[in-house]
Protein chains: 2
Amino acid sequence: MARIVMKFGGTSMGGIDRIRAVAERVKGEVDKGNDVAVIVSAMAGETDRLVQFCREASSLYDPREYDVVVASGEQVSSGLLAIMLQSMGVQARSWMGWQLPIRTSEAHASARIDDIDADILCKAIEGGNVAVIPGFQGMTEEGRVATLGRGGSDTSAVAIAAAMKADRCDIYTDVDGVYTTDPRIVPRARKLAKITYEEMLELASVGAKVLQTRSVGLAMKCQVPLQVLSSFEDKPGTMIVDEQDIEDSEMEKQLITGIAYDKNEAKVTLTSVADKPGSVSAIFTPLAEANVNVDMIVQNFARETGNTDVTFTVPSDDLAKSLDVLAKAKDEIGYREIAHDTNVCKVSVVGVGMRSHAGVAATMFQTLADRGINIMAITTSEIKVSVLIEEDYTELAVRVLHTAYGLDAEDDAA
Amino acid sequence: MARIVMKFGGTSMGGIDRIRAVAERVKGEVDKGNDVAVIVSAMAGETDRLVQFCREASSLYDPREYDVVVASGEQVSSGLLAIMLQSMGVQARSWMGWQLPIRTSEAHASARIDDIDADILCKAIEGGNVAVIPGFQGMTEEGRVATLGRGGSDTSAVAIAAAMKADRCDIYTDVDGVYTTDPRIVPRARKLAKITYEEMLELASVGAKVLQTRSVGLAMKCQVPLQVLSSFEDKPGTMIVDEQDIEDSEMEKQLITGIAYDKNEAKVTLTSVADKPGSVSAIFTPLAEANVNVDMIVQNFARETGNTDVTFTVPSDDLAKSLDVLAKAKDEIGYREIAHDTNVCKVSVVGVGMRSHAGVAATMFQTLADRGINIMAITTSEIKVSVLIEEDYTELAVRVLHTAYGLDAEDDAA
């Protein structure tokens, strides 16, 4: 008998028939003798509808009231799932964030979970109830409803699993696991049986959309075993676990675990920045103050003139704000011109195997060069190499890298 | 400066543009220097949509979970109205039932308000805030969300007005006041400037749909001055007040204040009921136990046979249940046959003036007889006379009575 947290996203909850299928899935775990808590998202499209209402009411809406409005979507689906479970003879009831409570920070619309009192939940599930909890929300110290930001239900699920000391947190979604890369681009992409938290964290942060980055970070910190699986098919998904829980034999088979890409990047170049102390700081300090997340940074020195071109990437959504901030800081920074390009893509290869194997980056650069793909910027971590390329080459780059690292499935029946 | 509770129904909140108009109406009261609390219904159609979800999930839904689902409709509109008010420069925030709290009974889906802690609200509005409160809901002692039943937002508004000792509770709706009768049937119906609680209570309970009966009863008990007015037009509505707040001159002008009709009645007749002690009780006890509200009762003695026919009315919605109950109790009651008829209508004349004037009922019977309208049953209270007639005669009966009691407006520009 295990204690399991199950999380179902908006597509899984998209209509009464789908909620019925979710309830059957939950009943399956209960019938196996497991104690279950379920975290649900709003029905597909519902959050968008509610956000749109708020925007129409006022472009400068109060995030505290926005939270009151949008939190209702998950409230509805939790009540409906409880009703559906009861109709199948499964004892169930819903608990909203304020009823437990799930304590959050005061950062309305993008709050952080501070603390979850799991006593009520643990007692409920030990008493044979399935606990149904709306994801994405909690209550501030002040007693107001707060939401965690879009995609926050994954984080709710992991936080609740950690608080309940669950044996496993299953994230049901519209894909059946984590793949070596996007199967829409590479039909021979393989589903991974296991992946480490670190790899998943890197993949999520460089564009793989299967899990919210925050939720993976929290799972890693709290050592919650995560599973990503399909809510529409009954087969095992991908387990996301600690490195030591993966056998060496599994690990060493592959140097690279996955390849991700992110087209939502924009490249900004400042030309002829004076090469003097403080000029780089003058660029990035105002961007940080404007909450722009700068990613890749490249400096090109021109030894003759003593000037430098500085190139970096920002999320496309923040481009306008970034250009505005940089225009205002022009005198302080001292650059000649500002150029930008949204026709770029970041392609990343991720794998804990590269810690112990040299040559991963070299293979990447050579493979891309062989196809005439120009690299505009590079950034690396211990288990990741990312390059910025022209957006039109995205699919080609992903395919050739997938083959180069030996990730292609043996046949198409991946 | 007054303390005012304003309540807006679903039609008034039916979309962002209408919510903007509501916010402007609220701002108008704030600009006059009034302290304001606003009670809102769900956006038009929203509660129906949510109820439908619950029914599709299970025909035997848990009312506690149903309440979680349907309460979300008012939550959304309260957040949106707060956002809209803020965008107009009016300080506002929403408080949900559980945040105040509004304490209710445990009768989920049709709960009663037990107690409202108005401290938070009073402090908020004294501090210059408009308090926006979702109607129709509160929290049980156990800490679960409970709703008051359809139309419950009127009751929420009156209860909050009573708890806050408000000077007035304004109910904004899609009609501009209480009329002498339904203007769709009688174009010369007049809008009443004032009406007593008792008259409004009788009118509401015999079919006038402008206010929920419970809310009028509560306003009478707590002596909350009510006003019914249009959310779409800026003109005075109808004040519902205590009898002593209406001047004698106004009062004595009219014998009858209003005429209402209710087509949702069904007539049931049991023939040849044995005329023995306990036989009538044997009819109505099982109906009461089945929660059927029996209204008009007529007994016809047949002196020769010693038998009696018993006729009574029940709400049309309860007819099937009533026939079932009576069939099961046939042996105990001892009747020959059971007949029923849904082609009936109850027409009622209401007015406190009839306390001091004889002949109101006689005028009613004579007027109907002159047009050949047969009366099947009669019931009276101190300020009301109701008759049951064939449904096809409804409009004719209402029109001739409206004229007979001198209620017609002098010209069509009523």
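Residues numbered from 1 in each chain as written. Chains lettered and ligands numbered in written order. Predicted model: local features only at pLDDT ≥ 70, side-chain atom pairs only at ≥ 80, totals over all residues. Heavy atoms only, no water.

- As recorded by an unreviewed UniProt entry, chain A carries the name Aspartokinase and is attributed to Parasphingopyxis lamellibrachiae.
- Recorded in UniProt under Sequence similarities (unreviewed entry), the annotation for chain A is "Belongs to the aspartokinase family."
- The UniProt entry for chain A carries the following comment under Catalytic activity (unreviewed entry): "L-aspartate + ATP = 4-phospho-L-aspartate + ADP". (UniProt positions renumbered as here; feature names shortened; annotations may be inferred.)

**Notes on the sheet that holds strand β1 (residues 3-8) of chain A**
Residue and element names in this part refer to chain A.
For step 1, the next point in the chain: Spatially, the eight strands line up as an open sheet ordered β3-β6-β2-β1-β9-β11-β12-β10, and their pairing is mixed. Of all strands in the sheet, those bounded by a partner on one side alone are β3 (92-94) and β10 (194-196). Between one strand and the next, the sheet's axes are offset by a mean angle of 20°, whatever the strand orientation.
For step 2, the next point in the chain: Judged from the three bridges that link them, β3 and strand β6 (residues 130-134) form a sheet pairing that is parallel. (Pairing = 2+ DSSP bridges. Helix = DSSP H or I, 4+ residues; strand = E, 2+ residues; numbered from the N terminus. Axes fitted to C-alpha atoms, helices over the stretch in contact; angles between N-to-C directions.)

**Quick look at the packing of helix α7 (residues 197-205) of chain B against helix α8 (residues 213-222) of chain B**
All names here are of chain B.
For step 1, the next point in the chain: Where α7 contacts α8, the axes come no closer than 9 Å and their chain directions differ by 165°. What the angle tells us is that α7 and α8 run roughly antiparallel. Classified by chirality, the crossing of α8 by α7 is left-handed. Only Thr 213, Val 216, Gly 217, Ala 219 and Met 220 of α8 make contact with α7, whose side of the interface consists of Tyr 197, Glu 198, Met 200, Leu 201, Ala 204 and Ser 205.
For step 2, the next point in the chain: Residue composition of the contact of α7 with α8, grouped by class: seven nonpolar, three polar and one charged. (Parallel < 35°, antiparallel > 145°, perpendicular 65-115°, else oblique. Left-handed = near helix turned anticlockwise from the far one by under 90°. Contact = heavy atoms within 4.5 Å. Nonpolar A, V, L, I, M, F, W, Y, C, P; charged D, E, K, R; others polar.)

**A few points about the domain arrangement of chain A**
For step 1, the next point in the chain: Domains assigned within chain A are domain 1 (3-174) and domain 2 (247-414).
For step 2, the next point in the chain: A separation of 36 Å is found between the C-alpha centroids of domain 1 of chain A and domain 2 of chain A. (Domains from an automatic or database assignment.)

**Some words on the side chain of B:Gln137**
Residue and element names in this part refer to chain B.
For step 1, the next point in the chain: Mapped onto the secondary structure, Gln 137 falls in strand β7 (residues 137-140).
For step 2, the next point in the chain: Under the relative-accessibility criterion, Gln 137 is labelled buried at 5%.
For step 3, the next point in the chain: Polar side-chain contacts of Gln 137 include one of 3.4 Å to the backbone oxygen of Ala 71.
For step 4, the next point in the chain: Polar contacts involving the side chain of Gln 137 include one to the main-chain carbonyl oxygen of Gly 135, which spans 2.9 Å.
For step 5, the next point in the chain: Excluding residues within four positions of it along the chain, Gln 137 makes contact with Ala 71, Glu 74, Gly 97, Ile 102, Ala 146, Thr 147, Leu 148 and Ser 156. (Buried < 20%, exposed > 50% of the residue type's maximum accessible area, 1.4 Å probe, protein only. Polar contact = N/O pair within 3.5 Å; in protein donor to acceptor, adjacent residues only side chain to side chain.)

**A few points about the pattern of salt bridges**
Residues and elements named next belong to chain A.
For step 1, the next point in the chain: Considering all chains together, one arrives at 48 salt bridges over all chains under this definition.
For step 2, the next point in the chain: The shortest N-O distance in the salt bridge between Glu 46 and Arg 49 comes to 3.0 Å. Taken together, the residues Glu 46 and Arg 49, both in helix α2 (residues 46-57) and three residues apart, mark about one turn of the helix.
For step 3, the next point in the chain: Linking Lys 328 and Asp 324 is a salt bridge whose minimum nitrogen-to-oxygen distance equals 3.2 Å. Taken together, the residues span about one helical turn, with Lys 328 and Asp 324 both in helix α11 (residues 319-328) at a distance of four residues.
For step 4, the next point in the chain: Given the relative accessible area of 68%, Lys 328 is considered exposed.
For step 5, the next point in the chain: Several salt bridges converge on common partners, so that one network encompasses Glu 29, Lys 32, Arg 168 and Asp 170. (Salt bridge = Lys/Arg side-chain N within 4 Å of Asp/Glu carboxyl O.)

**Some details on the relation of the copies chain A and chain B**
Both copies of the chain are related through a single rotation about an axis accompanied by a shift along the same axis.
For step 1, the next point in the chain: Mapping chain A onto chain B calls for a rotation angle of 179° and an axial translation of 0.1 Å; the resulting RMSD is 0.2 Å. The superposition operator between the copies reduces to a two-fold rotation axis. No C-alpha of chain A approaches the rotation axis more nearly than that of A:Ser72, which lies at 2.8 Å.
For step 2, the next point in the chain: With an isologous cut-off of 70% or more, the 100% of interface residues of chain A that recur at the interface of chain B puts this contact in the isologous class. (Least-squares fit on C-alpha atoms with pLDDT ≥ 70 in both.)

**Here's the deal with the UniProt feature "binding site: substrate" (unreviewed entry) in chain A**
All names here are of chain A.
For step 1, the next point in the chain: Under the UniProt annotation, "binding site: substrate" (unreviewed entry) lies at Thr 47 and Glu 74. For the annotated residues, spread through 28 residues, the largest C-alpha to C-alpha distance comes to 8.6 Å, consistent with a single compact locus.
For step 2, the next point in the chain: Note on placement: Thr 47 falls in helix α2.
For step 3, the next point in the chain: Judged by relative accessible area, which is 11%, Thr 47 ranks as buried.
For step 4, the next point in the chain: Excluding residues that lie within four positions of it along the chain, Thr 47 makes contacts with Ala 42, Glu 74 and Arg 150.
For step 5, the next point in the chain: Note that Glu 74 resides in helix α4 (residues 72-87).
For step 6, the next point in the chain: Judged by relative accessible area, Glu 74 falls into the buried class, the value being 3%.
For step 7, the next point in the chain: When sequence neighbours within four positions are dropped, the list of residues in contact with Glu 74 reads Val 40, Ser 41, Ala 42, Thr 47, Pro 134, Gly 135, Phe 136, Gln 137 and Ser 153.
For step 8, the next point in the chain: Side-chain polar atoms of Glu 74 contact the backbone nitrogen of Ala 42, separated by 3.2 Å.

**Details of the sheet that holds β7(B)**
Residues and elements named next belong to chain B.
For step 1, the next point in the chain: Ordered by their spatial adjacency, four strands build an open sheet running β5-β4-β7-β8, and the pairing between neighbours is mixed. Either end of the sheet is taken by a strand with one partner, and the two such strands are β5 (113-116) and β8 (145-147). Neighbour-to-neighbour, the strand axes of the sheet open up by a mean angle of 45°, direction not taken into account.
For step 2, the next point in the chain: As paired strands, strand β4 (residues 102-104) and β5 are joined by three bridges and run antiparallel to one another.

**So, helix α8 (residues 213-222) of chain A**
Residue and element names in this part refer to chain A.
For step 1, the next point in the chain: Burial in α8 covers these residues: Ser 215, Val 216 and Ala 219. Angular distribution of buried residues about the axis of α8 spans 100°; they occupy a single face of the element.
For step 2, the next point in the chain: Among the structural elements, α6 (152-163), α7 (197-205) and β11 (226-230) are those in contact with the buried residues of α8.
For step 3, the next point in the chain: One or two positions beyond α8, positive phi appears at Gln 223, with a value near 55°. (Arc of directions from axis to C-beta.)

**As for the pairing of strand β14 (residues 265-274) of chain B**
Residues and elements named next belong to chain B.
For step 1, the next point in the chain: Buried residues dominate β14, accounting for nine of its ten residues.
For step 2, the next point in the chain: As paired strands, β14 and strand β16 (residues 307-315) are joined by eight bridges and run antiparallel to one another. Pairing of Leu 270 across the sheet is with Val 310, part of β16.

**Brief notes about the environment of A:Asp114**
Residue and element names in this part refer to chain A.
For step 1, the next point in the chain: Here Asp 114 lies in strand β5 (residues 113-116).
For step 2, the next point in the chain: Note on Asp 114: relative accessible area 45%, which makes it partly exposed.
For step 3, the next point in the chain: The spacing of Asp 114 and Thr 140 is 26 residues in sequence and 9.2 Å in space, taken between C-alpha atoms.
For step 4, the next point in the chain: In this view, Asp 114 contacts Arg 103, Thr 104 and Ser 105; residues no more than four positions away in its chain are not counted.
For step 5, the next point in the chain: Within the structure, the side chain of Asp 114 is placed 3.4 Å from the backbone nitrogen of Ser 105, a separation counted as a polar contact.
For step 6, the next point in the chain: A polar atom in the side chain of Asp 114 sits 2.9 Å from the side chain of Arg 112.

**A word on the packing of helix α10 (residues 279-289) of chain A against α11(A)**
When two helices pack together, their arrangement is given by the angle between the helix axes and by the axis-to-axis distance.
Residue and element names in this part refer to chain A.
For step 1, the next point in the chain: Between α10 and α11, the least distance of the axes is 10 Å, while the angle of their chain directions is 130°. In terms of orientation, α10 and α11 fall into the oblique class. Every pair of crossing elements has a handedness; the one defined by α10 and α11 is right-handed. Residues Ile 283, Pro 286 and Leu 287 of α10 lie in contact with α11, whose contacting residues are Ser 322, Val 325 and Leu 326.
For step 2, the next point in the chain: Residues that form the contact of α10 with α11 fall into these classes: five nonpolar, one polar and no charged.

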